[in-house]
Amino acid sequence: MNSLIRSTARCLRSGATVCLLRPADGPARAASARFLCEAADLQKDLGELVKKDKVVVFMKGTPAQPMCGFSNAVVQILRMHGVDRYASYNVLEDQELREGVKVFSNWPTIPQVYFNGEFVGGCDILLQMHQNGDLVEELKKLDIRSALLDAEKESK
């Protein structure tokens, strides 16, 4: 990402409207200097967004109305643990956000979950954490007590 920012800055300083990028792992590509600036701005904005709240979810739809099964599963897992307050962003409303978050996390799918600004994973990772008990521990680190702990006590 740093090389992308440096390339963009060089292009803008030179007054070019189109830059030739030479990634280490592929062929050279032409890209608009303006687009590259916008992409760098989006990555910076995403970095700030994921740090705003303890729990952040990029999903298809909203927690009240998920628009895909995987996003719904993430919402349901969080609800089971009593996590009702979290930031959610509907990637279906903004194509740049949808693609940008994939680049930001280097993760190809939606939904994406962040705890304290750190990428946790998608639906499969959150489900695995729920099943093996790691999610309770990770929530504890965020000062969020899992509702499943209280449910366990009540059933005894």
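Thresholds applied
Residues numbered from 1 in each chain as written. Predicted model: local features only at pLDDT ≥ 70, side-chain atom pairs only at ≥ 80, totals over all residues. Heavy atoms only, no water. Pairing = 2+ DSSP bridges. Helix = DSSP H or I, 4+ residues; strand = E, 2+ residues; numbered from the N terminus. Phe/Tyr/Trp six-rings, centres within 6.5 Å; stacked < 30°, edge-to-face > 60°. Buried < 20%, exposed > 50% of the residue type's maximum accessible area, 1.4 Å probe, protein only. Axes fitted to C-alpha atoms, helices over the stretch in contact; angles between N-to-C directions. Parallel < 35°, antiparallel > 145°, perpendicular 65-115°, else oblique. Contact = heavy atoms within 4.5 Å. Disulfide = S-S within 2.5 Å. Left-handed = near helix turned anticlockwise from the far one by under 90°. Nonpolar A, V, L, I, M, F, W, Y, C, P; charged D, E, K, R; others polar.

Visitor: Could you clarify how one ought to interpret the pairing of strand E6 (residues 118-121) in this entry?
Guide: On any regular strand, side chains alternate: one points to one face of the sheet, the next to the other face. Pairing analysis gives three bridges linking strand E5 (residues 112-115) to E6, with the strands arranged antiparallel. Within the sheet, the bridge partner assigned to Phe115 lies in E6 and is Glu118. Counting the residues between successive antiparallel strands, the hairpin from E5 to E6 contains two residues, one of them, Asn116, with a positive phi of roughly 50 degrees.

Visitor: How do you make sense of the packing of aromatic side chains when you look at a structure like this?
Guide: Geometrically, a pair of aromatic rings is defined through the distance of the ring centres and the angle of the planes. Considering all chains together, one arrives at five aromatic pairs under this definition. Both rings, one in Phe58 and one in Tyr89, keep their centres 5.3 Å apart while their planes meet at 25 degrees; by these two values the pair is stacked. Of this pair, Phe58 sits in strand E3 (residues 55-59) while Tyr89 sits in strand E4 (residues 87-90), and the two are 31 residues apart along the sequence. For Tyr89, a relative accessible area of 21% translates into the label partly exposed.

Visitor: Would you take a moment to explain the packing of helix H5 (residues 123-132) against helix H6 (residues 134-141) for this structure?
Guide: For any two helices packed against each other, the geometry comes down to the angle between their axes and how far apart the axes lie. H6 packs onto H5 with a crossing angle of 100 degrees between their chain directions and a minimal axis gap of 5 Å. Judged by the inter-axis angle, H5 sits roughly perpendicular to H6. Listed contacts from H6 to Leu126, Met129, His130 and Asn132 of H5 are Asp134, Leu135 and Glu138.

Visitor: Can you walk me through the state of the cysteines in this structure?
Guide: One way to say it: the disulfide is the covalent bond shared by the sulfur atoms of two cysteines. Scanning the model with the defined rule gives zero disulfides in all. Between Cys68, a cysteine without a disulfide, and Cys123, which holds the nearest cysteine sulfur, the sulfur-to-sulfur distance is 8.0 Å. Exposure remark for Cys68: the relative accessible area of 18% places this residue in the buried category.

Visitor: Teacher, can you tell me more about the packing of helix H3 (residues 69-80) against H5 here?
Guide: Put simply, H3 and H5 touch, their axes get as near as 9 Å, and they point 30 degrees apart. The orientation of H3 with respect to H5, classified from their angle, is roughly parallel. Relative to H5, the crossing made by H3 is left-handed. Only Cys123, Leu126, Leu127 and His130 of H5 make contact with H3, whose side of the interface consists of Phe70, Ala73, Val74, Ile77, Leu78 and Met80. In terms of residue class, the contact of H3 with H5 is built from nine nonpolar, one polar and no charged.

Visitor: Looking at this structure, how should I read the environment of Ile77?
Guide: With respect to the helices, strands and loops of the structure, Ile77 is situated in helix H3. Exposure remark for Ile77: the relative accessible area of 3% places this residue in the buried category. As for Ile77 and Cys123, which are separated by 46 residues in sequence, their C-alpha atoms are 9.2 Å apart.

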